[in-house]
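# Fold and contact review
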Amino acid sequence: MTAKDIIAQLEADAGWRSLRIAQKALRGGMNRPESLALARFLSGEQIRSRADFAARSVRVAVASDTSLDNLADPLVLRLLERGMFGVQYHSPFAQLALETRNPASGLFQHKPEVVVLAPLTGIWQRITGTNPDSATHIVEEAWSQVTALRKNFDGLILLQNVVPVENRPHGILESRRNLGHPDFARAVNLQLSQRCRETGEAFTLDAELLAGQSGTIWPGLHKQQFMASRPFTDDLANLLAAEIAAFCAARKGFARKCLVLDLDNTLWGGVVGEDGVAGLQIGGGFPGNIYTELQKEICALHKRGVTLAIVSKNNEPDAWEVFNQRPEMILKRTDFSMHRINWQDKAFNIRELAKELNLGLDAFVILDDNHVERDWIEEALPEVDVCPAGDPLEMLRWLATCRRFDTLAITREDALRAKSYAAAEERSRLATQSSNLEEYLASLEMQVEVGCNSSTQIARVAQLTQKTNQFNLTTRRYTESEIQERMQNPSWRVFWCACRDRFADEGVIGAALVEIKDGDWFIDTFLMSCRVLGRGVEKAFLGTICDQAGKSGAKVIRSEFIRSAKNSQTENFLETCGFTADGRTVDFSKWHLVLPAPVGLTPKWIAIQPLKSET
Amino acid sequence: MTVDELLQPMLNTTVPLRPTDSRETIPAWDSLAQINIVAAIEDAVGVELSTAEVLSLKSVAKVVEVARSHGLELTINAS
């Protein structure tokens, strides 16, 4: 079945039957264009108009210190596998800290039920040294995102931990350092999960664990990192997506409650009616030991509160004889709440069980080695989750990793805490969020450095003009030789801007080209990398340039805005900096500012270092 | 690929293998050799063998049969 057919099916009906068809196709291994087409449809507006969509939709927001946008497609597909429709929001690149602190941010406007916070995905690129102190700092910084978000959010927070990297500065001696990279990741993660556990504010999204199960290319050493600053491989994104989907299902109350088991070749190897009780494979060596492990897994689920039932085509006395006579059986007859050991249609049996247990069919999971039975149950009862495997080892693997029964054990204390956060008093205090945002920005101890005509920055400035699309007033592209030429031309100035804070040195992230005409300054180009936006660096940079213009004797500084496909966020920038419009259409506007510039363009939380100039 | 190329190193022998050879006729065909045979077939065909297939690998003829069902032809030495 092609993605097109599945989309047509989902368009006609977004109920369980359509979901199962899509799941089956995904299981069968869809190629990338097909799965992408399906993911795009599931993320689109079209499906949201369906009434059956709303009942099973979940709103998820993802905010990270870099970009997890390659999580979006896997997540919508893994949610589909769990019978849910994902409505997702992804914060802009590296905007995590701002989005969590601003109640008007896109994240809050999305009204998420689940927020994935990933404050540490870019940690290996920005950290300068690993030691116990830096580990504590990183933990505090990551945790501050949780507390900031919690002020305005009652839902589920998933805090993603650090993924270890293969990059070990001292190689095999790394473990002798205090702390080497691997131990640093472990120390940070241990402290974070401890915070999660003790405060109850968030759950650990264990990327460290999942990275160990994914692929052979280390995060940070793969193409996506270098091509798009996406820290995770597709493999890891898929595993994370499945884990997030499990949290979503738990949050929405979609966890399954009852496990229905076949007997022959499911709980034991062989057929009791043919091989006899003594001839069955259970316990001992291969393959009986697989069935032992499977029973242990089922037993653990039972202890967690999952109801067990048997639905098997067998003679009932034969079946109980196995329980009575084989001491290797981990599961006891009394572990099963219900049973239907007969020769009737299994779908009929399961429907009866549901009625007697007073559970919906969407609370059931079936384990059965016979693919004909599996197909029939899936066809007749699409609400039921059927383990797709028949091989005992595959069944064991599926059961161990399916996450179908997982719940968020919410204690009374957790519930009370959630209520206190909703308290009106807390809310009104935080309504004046801007002061908190400023406090946060001040705590970053930001330092901005501006330089002019520096030959060492030719390559970087040229690169910025070529790559920067979003915060770019005019989107003029320059080659290195063009930049060099302008640096040497007395009627031009080439400015660069670098930024660092307590946690990271961002390097040169802004550039501006100014042409001097009849003594007045004209800003030909002004741009800033998106990863520092929203912290006021762009204003500090422009303010510094205006100051320089004033000092050089210019009476006025002029600039313009040229619309591109991507730079709409800069269209009001000059206005917010006090510039006056001289002429304005939708796609082009001219601006000027009379010098000396009014003070205060540089935010008070930013310290500007004295200008470095080579000419 | 021939049966001998696949199996002789695992069974620690240079004698040409016959279809009827099995765990009974070849002393070196122990559980460790069995794991190596399973892994060698899995490597060659690129899929995991099922538990039932693993259990059926008790003779050279069966190895040939399972390999063939996954598209791998193992020729038996004519001599």
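Small disclaimer: the values here were computed from a predicted structure and weren't measured.

### Observations concerning the pattern of salt bridges
Residues and elements named next belong to chain A. Applying the stated criterion to the full structure yields 37 salt bridges over all chains. A salt bridge links aspartate 524 to arginine 476; the nearest nitrogen and oxygen atoms lie 3.4 Å apart. Note that aspartate 524 is positioned in strand E14 (residues 520-528) and arginine 476 in the loop between helix H23 (458-467) and helix H24 (480-488), a separation of 48 residues in sequence. Each of Arg20, Arg256, Asp385 and Arg404 takes part in one network of salt bridges that share partners.

### Concerning the nonpolar core
All names here are of chain A. Counting residues in hydrophobic clusters, the biggest one holds 45 residues, and the most contacted among them are Phe526, Val537 and Ile557. Looking at this core, the element that brings in the most residues is helix H25 (residues 537-551), giving 7 residues. In this structure phenylalanine 526 touches Phe471, Asn472, Leu473, Ala511, Ala512, Glu538, Phe541, Leu542, Ile545 and Phe573, once residues within four positions along its chain are discounted. Ranked by size, the runner-up nonpolar core spans 36 residues in total, among them Ile290, Val365, Ala389 and Phe405.

### Describing the sheet that holds strand E4 (residues 156-160) of chain A
Residues and elements named next belong to chain A. Reading across the sheet, the 5 strands line up as E2-E1-E3-E4-E5 and stay open at both edges, with parallel pairing between neighbours. Lying at the two open borders of the sheet, with one neighbouring strand each, are strand E2 (85-90) and strand E5 (203-205). On average, adjacent strands in this sheet sit at an angle of 25 degrees to one another, irrespective of strand direction. The sheet contact formed by strand E3 (residues 114-118) and E4 spans 4 bridges and is parallel. Its bridge partner lying in E4, leucine 117 is registered against leucine 159.

### Some words on the packing of aromatic side chains
Residues and elements named next belong to chain A. With the rule as written, the count across this model stands at 9 aromatic pairs over all chains. Pairing phenylalanine 203 with phenylalanine 247 gives two aromatic rings, centres 5.6 Å apart and planes at 55 degrees, and the pair type is tilted. With a gap of 44 residues between them, phenylalanine 203 in strand E5 and phenylalanine 247 in helix H13 (residues 234-252) connect regions that are remote in the sequence. In this structure phenylalanine 203 comes out as partly exposed when scored by relative accessible area, which is 30%. With centroids separated by 5.6 Å and ring planes inclined at 20 degrees, the aromatic side chains of phenylalanine 526 and phenylalanine 573 adopt a geometry described as stacked. Of this pair, phenylalanine 526 sits in strand E14 while phenylalanine 573 sits in helix H26 (residues 573-576), and the two are 47 residues apart along the sequence.

### Let's talk about the pairing of strand E16 (residues 580-584) of chain A
All names here are of chain A. Pairing geometry for E16 and strand E17 (residues 588-594), over 4 bridges, is antiparallel. Each bridged residue has a counterpart across the sheet, and for glycine 583 the counterpart in E17 is lysine 590. Connecting E16 to the antiparallel partner E17 that follows it, the hairpin turn spans 3 residues.

### Observations concerning the interface of chain A and chain B
On the chain B side, the residues contacting the 8 residues of chain A number 6 residues. Summed over the three residues of chain A that lose the most area to chain B, namely Phe286, Asp391 and Arg397 of chain A, the buried surface amounts to 70% of that side. At the surface where chain A touches chain B, the tally comes to 1 salt bridge. For arginine 397 of chain A, the salt bridge is made with glutamate 48 of chain B, and the minimal N-O distance between the two is 2.7 Å. The interface formed by chain A and chain B contains 2 residue pairs in polar contact (both at pLDDT 80 or more). Ranked by residue count, the leading element in the side of chain A that touches chain B is helix H19 (residues 392-401) of chain A, at 3 residues. The residue inventory of the side of chain A that touches chain B, partitioned by class, reads 5 nonpolar, 1 polar and 2 charged.

### A closer look at helix H5 (residues 72-81) of chain A
Residue and element names in this part refer to chain A. Along H5, 9 of the 10 residues are buried, which leaves the element largely enclosed by surrounding structure. Among the residues of H5, Ala72, Asp73, Pro74, Leu75, Val76, Leu77, Arg78, Leu79 and Leu80 are the ones counted as buried. Structurally, H5 contributes buried residues whose contacts are with helix H2 (16-27), helix H3 (32-43), strand E1 (57-64), E2 and H13. Just past H5, the residue glycine 83 takes up positive phi, approximately 75 degrees.

### What about the sheet that holds strand E10 (residues 385-386) of chain A?
Residues and elements named next belong to chain A. Pairing within the open sheet is parallel, and its 5 strands lie in the order E8-E7-E6-E9-E10. Edge positions in the sheet fall to strand E8 (336-341) and E10, since each has one partner strand and no second. Two strands pair when backbone bridges link them, and strand E6 (residues 258-261) and strand E9 (residues 364-367) are joined in this way by 4 bridges, in the parallel orientation. Bridge pairing links cysteine 258 to phenylalanine 364 in E9. Of the strands in this sheet, E6, strand E7 (307-312) and E9 are in contact with helix H15 (residues 288-303), which crosses E6 at around 150 degrees. Together, E7 and E8 form the strand contacts of helix H16 (residues 316-325), whose direction differs from that of E8 by roughly 140 degrees.

### A look at the packing of H15 of chain A against H19 of chain A
Residues and elements named next belong to chain A. Two numbers describe how H15 lies on H19: the axes approach to 9 Å, and their chain directions differ by 25 degrees. Judged by the inter-axis angle, H15 sits roughly parallel to H19. For the pair H15 and H19, the crossing hand works out as left-handed. Mapping the contact onto sequence places Ile290, Tyr291, Glu293, Leu294, Glu297, Ile298 and Leu301 in H15 and Pro392, Leu393, Met395, Leu396, Leu399 and Ala400 in H19. Grouping the amino acids of the contact of H15 with H19 by side-chain chemistry returns 11 nonpolar, no polar and 2 charged.

### Considerations on the pairing of strand E13 (residues 505-517) of chain A
Residue and element names in this part refer to chain A. Here strand E12 (residues 492-500) runs beside E13; their pairing, made up of 9 bridges, is antiparallel. Its bridge partner being in E13, arginine 500 is matched across the sheet by aspartate 505. Relative to E14, E13 is paired through 8 bridges, and the arrangement is antiparallel. Paired with lysine 517 across the strands is aspartate 520, a residue of E14.

The rules behind each value
- Residues numbered from 1 in each chain as written.
- Chains lettered and ligands numbered in written order.
- Predicted model: local features only at pLDDT ≥ 70, side-chain atom pairs only at ≥ 80, totals over all residues.
- Heavy atoms only, no water.
- Salt bridge = Lys/Arg side-chain N within 4 Å of Asp/Glu carboxyl O.
- Helix = DSSP H or I, 4+ residues; strand = E, 2+ residues; numbered from the N terminus.
- Core = buried A, V, L, I, M, F, W, Y, C linked by side-chain atoms within 4.5 Å.
- Buried < 20%, exposed > 50% of the residue type's maximum accessible area, 1.4 Å probe, protein only.
- Contact = heavy atoms within 4.5 Å.
- Pairing = 2+ DSSP bridges.
- Axes fitted to C-alpha atoms, helices over the stretch in contact; angles between N-to-C directions.
- Phe/Tyr/Trp six-rings, centres within 6.5 Å; stacked < 30°, edge-to-face > 60°.
- Buried area = accessible area lost by both parts, 1.4 Å probe.
- Polar contact = N/O pair within 3.5 Å; in protein donor to acceptor, adjacent residues only side chain to side chain.
- Nonpolar A, V, L, I, M, F, W, Y, C, P; charged D, E, K, R; others polar.
- Parallel < 35°, antiparallel > 145°, perpendicular 65-115°, else oblique.
- Left-handed = near helix turned anticlockwise from the far one by under 90°.

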